[in-house]
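# Tertiary structure, described
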Amino acid sequence: MTEKRQFRAIKGTRDILPPDSSLWNWFERAAREVFESYNFREIRLPIFEETDLFARSIGADTDVVGKEMYTFEDRDESSISLRPEATASVVRAYIEHGMHTLPGNVKLYYIGPMFRRERPQKGRYRQFYQIGAEVLGQSDAPAIDAEVLEMLVVLFKRAGLALITLSVNSIGCKQCRPKYVEVLRQELLKVKDKLGADSQRRIETNPLRVLDSKLPEEQPIIETLPRISDHLCAACRQHFSELKDELNLRGIAYEENWRLVRGLDYYTRTTFEVTAEGLGSQNAVCGGGRYDGLVELLGGHPTKGIGFAIGSDRAILSIQEGGQAPKMPGLGVFVAWMSAATYPAAVRIARKLRECGIAVELPPEAMKFKKSLGLADKLGARYALIIGEDEVTSGTYTLKRLADAEQKKLNENDLLEYLESERRGSGA
Ligand code: AMP
């Protein structure tokens, strides 16, 4: 006999259950509406890609690729990875489908799960969800960066994420960044002994990442390090300054943070991050930046690009913790039918109400009156529609509002009309 066993979700993954799933849908719907109002269109991407796509774009030395990817050998021995982020896939698709021939900038958004083998904690999962947007094309006008940031701020405001901070920085381009990185490396070597093991290692692999360090003992040292703003080339300096003018023009509040370098290799010039209050150490709800060389790096024509990814898990946690979650429409009508004679009317009316967009629960078996109303109450129904034999004979039904027990007797047409106007009024 096979042993009886129970299964649990794999560490770092979780189920999103009702009613939380309604809040997720609501947030995703808000993102779609806001993004589409900025003329972005959805792209649906595969969940797995060739491992090399991520290694080349994100960078083989980054934590994401080096330590966190779910990589496996497919049956044909090719190396496949679950996507740890989606920008690489968007760029791959942009090249593969020749989207550079499309008119104007290509503006795409995506919604879906990402996978990174990180240490799970509150706000950090191994399967998590991102909502992201990318702009690809020939222009790198700072107005594009500013529009993307405006769109983010509009979405967060609409979602009731009030206490957010937008931080921006410029990390330079192919011309000026390598020189700065070298200056930084030299300075870091002078203080190497005072740094922790991770930072010591990063002096060689990726000195910029030292600026990300949260180790308290490293903070005073980092404060004395040379800053990229003093090493930007003239073109990058101008781009950053125009971006800030654009943000001011649009009334977008931001902070400059010279230590905002972001972990992935492909970023150039503008980098940004949105943090939200009340999330503890995992307080970044969105990160992004420019990646002007990425399309070329992946075999496409020279193209400019900018994008971001919102961490939905954290955004939703923040909406919930801030007490800003909207009240989700629940069950509208519980149809209380009591005998076989009333069942056909119950089925017919339930279908009609559902066609009007009202959420209806029709019990699959006859229930006694009291039990029926008890269940309607427990399910949080707004109304119980009582369909007894008298009602069927007379053609008028009793609609009971459960919150205050107010009852109305209505014929079928009036009933539908009344509930529909109620639904519209309550926004449900
Ligand atoms: P990144 O792709 O690392 O720039 O991340 C963008 C956003 O995704 C972050 O600001 C987080 O909100 C979210 N995020 C990244 N990694 C995780 C994770 N392991 N669990 C939950 N959210 C994450």
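What you see is a predicted model, and the numbers here were worked out from it, not measured in a lab. (Residues numbered from 1 in each chain as written. Predicted model: local features only at pLDDT ≥ 70, side-chain atom pairs only at ≥ 80, totals over all residues. Heavy atoms only, no water.)

## Observations concerning the site of the ligand
Looking at the ligand, there are 15 residues lining it, with R116, E118, Y125, R262 and A284 nearest. Within the contact set of the ligand, an oxygen atom lies 3.0 Å away from a side-chain nitrogen or oxygen of Q130. Here an oxygen atom of the ligand and a side-chain polar atom of R262 are 2.3 Å apart. Across the complex, the protein chains shield 91% of the 490 Å² of accessible surface that the ligand would expose by itself. Residue assignment for the shell around the ligand shows that the elements contributing at least two residues are β6 (127-137), β10 (284-290) and β11 (304-311). (Near = heavy atom within 4 Å. Polar contact = N/O pair within 3.5 Å; in protein donor to acceptor, adjacent residues only side chain to side chain. Areas by Shrake-Rupley, 256 points an atom, 1.4 Å probe, with all protein chains shown as cover. Helix = DSSP H or I, 4+ residues; strand = E, 2+ residues; numbered from the N terminus.)

## So, the packing of aromatic side chains
On inspection of all chains with the given rule, the structure shows eight aromatic pairs. Their ring planes at 70° and their centres at 5.8 Å tell us that F35 and F308 sit as a pair that is edge-to-face. Separated by 273 residues along the polypeptide, F35 in helix α1 (residues 20-37) and F308 in strand β11 bring together distant segments of the chain. Ring plane angle 75° and centroid distance 6.4 Å describe the contact between Y383 and Y418, whose orientation is recorded as edge-to-face. Residue Y383 is located in strand β14 (residues 383-387), and its partner Y418 is located in helix α15 (residues 412-426); the two are separated by 35 residues in the primary sequence. Cluster of aromatic residues (ring-pair linked, three or more members): F35, F40, Y109 and F308. Sitting over the ring of Y125, R14 keeps its end group 4.1 Å from the ring centre. (Phe/Tyr/Trp six-rings, centres within 6.5 Å; stacked < 30°, edge-to-face > 60°. Lys NZ or Arg CZ within 6 Å of the ring centre and 35° of its normal.)

## Let's talk about the domain arrangement of the chain
Domain parsing of the chain yields domain 1 (20-176 + 232-321) and domain 2 (333-426). The distance between the C-alpha centroids of domain 1 and domain 2 comes to 47 Å. (Domains from an automatic or database assignment.)

## Details of a negative patch on the surface
A surface patch of like charges, here negative, comprises E73, D74, D76 and E77. Within the element layout of this structure, E77 appears in the loop between β3 (71-73) and β4 (79-82). (Patch = residues over 30% accessible without salt bridge, like charges linked within 9 Å, V, L, I, M, F, W, Y side chains within 5 Å. Salt bridge = Lys/Arg side-chain N within 4 Å of Asp/Glu carboxyl O. Lys, Arg positive; Asp, Glu negative; His and termini not counted. Charge placed at Lys NZ, Arg CZ, Asp CG, Glu CD.)

## Some thoughts on helix α13 (residues 369-378)
Among all positions in α13, only S372, L373 and A376 are buried. End-on view of α13: buried residues confined to an arc of 95°, all on one side of the axis. Facing away from the buried side of α13 by more than 90 degrees, the exposed set consists of K370, K371, D377 and K378. For α13, the elements touching its buried residues are β12 (333-337), β14 and β15 (396-401). (Buried < 20%, exposed > 50% of the residue type's maximum accessible area, 1.4 Å probe, protein only. Arc of directions from axis to C-beta. Contact = heavy atoms within 4.5 Å.)

## Notes on the nonpolar core
Counting residues in hydrophobic clusters, the biggest one holds 51 residues, and the most contacted among them are I43, Y110 and L211. Elements represented by at least two residues in this core include exactly α2 (51-58), α3 (63-67), α4 (87-96), β5 (106-115), β6, α6 (177-190), α8 (219-223) and α10 (294-297). The greatest single-element share of this core, amounting to five residues, is contributed by α4. Residues contacting Y110, with those up to four places away along its chain left out, are I43, L45, A86, T87, V90, Q130, I131, G132, A133, E134, F308 and A309. Judged by nonpolar contacts, the second largest core, of 43 residues, contains L23, F35, F240 and F272. (Core = buried A, V, L, I, M, F, W, Y, C linked by side-chain atoms within 4.5 Å.)

## A word on the sheet that holds β4
Judged by pairing direction, the sheet is antiparallel, and its three strands sit side by side in the order β2-β4-β3 without closing on themselves. The open sheet is flanked by β2 (48-50) and β3, the only strands paired with a single partner. Ignoring strand direction, the axes of neighbouring strands in this sheet form an average angle of 35°. Across three bridges, β2 lies against β4 in antiparallel orientation. Across the sheet, residue E49 finds its bridge partner in β4, namely S81. Strands in contact with α2 are β2, β3 and β4; relative to β2, the strand with the most contacts, it is inclined by about 80°. (Pairing = 2+ DSSP bridges. Axes fitted to C-alpha atoms, helices over the stretch in contact; angles between N-to-C directions.)

## A look at the environment of T13
Here T13 is to be found in the segment before α1. Residue T13 is classed as partly exposed on the basis of its relative accessible area, which comes to 28%. Measuring from C-alpha to C-alpha, the distance between T13 and Y125 comes to 6.2 Å, with 112 residues separating the pair along the chain.

## Some remarks on the side chain of R259
By secondary structure assignment, the location of R259 is in the loop between β8 (255-256) and β9 (268-276). There is a polar contact of 3.0 Å between the side chain of R259 and the backbone oxygen of S213. Within polar-contact distance, the side chain of R259 engages the side chain of Q219 at 2.9 Å.

## Some points on the pattern of salt bridges
Following the criterion strictly, the structure yields 33 salt bridges and no others. Across the salt bridge formed by R56 and D52, the nearest N and O atoms sit 3.0 Å from each other. Within this pair, R56 and its partner D52 are both found in helix α2, separated by four residues, close to a single helical turn. For D52, a relative accessible area of 36% translates into the label partly exposed. A salt bridge links R124 to E118; its shortest N-O distance comes to 3.6 Å.

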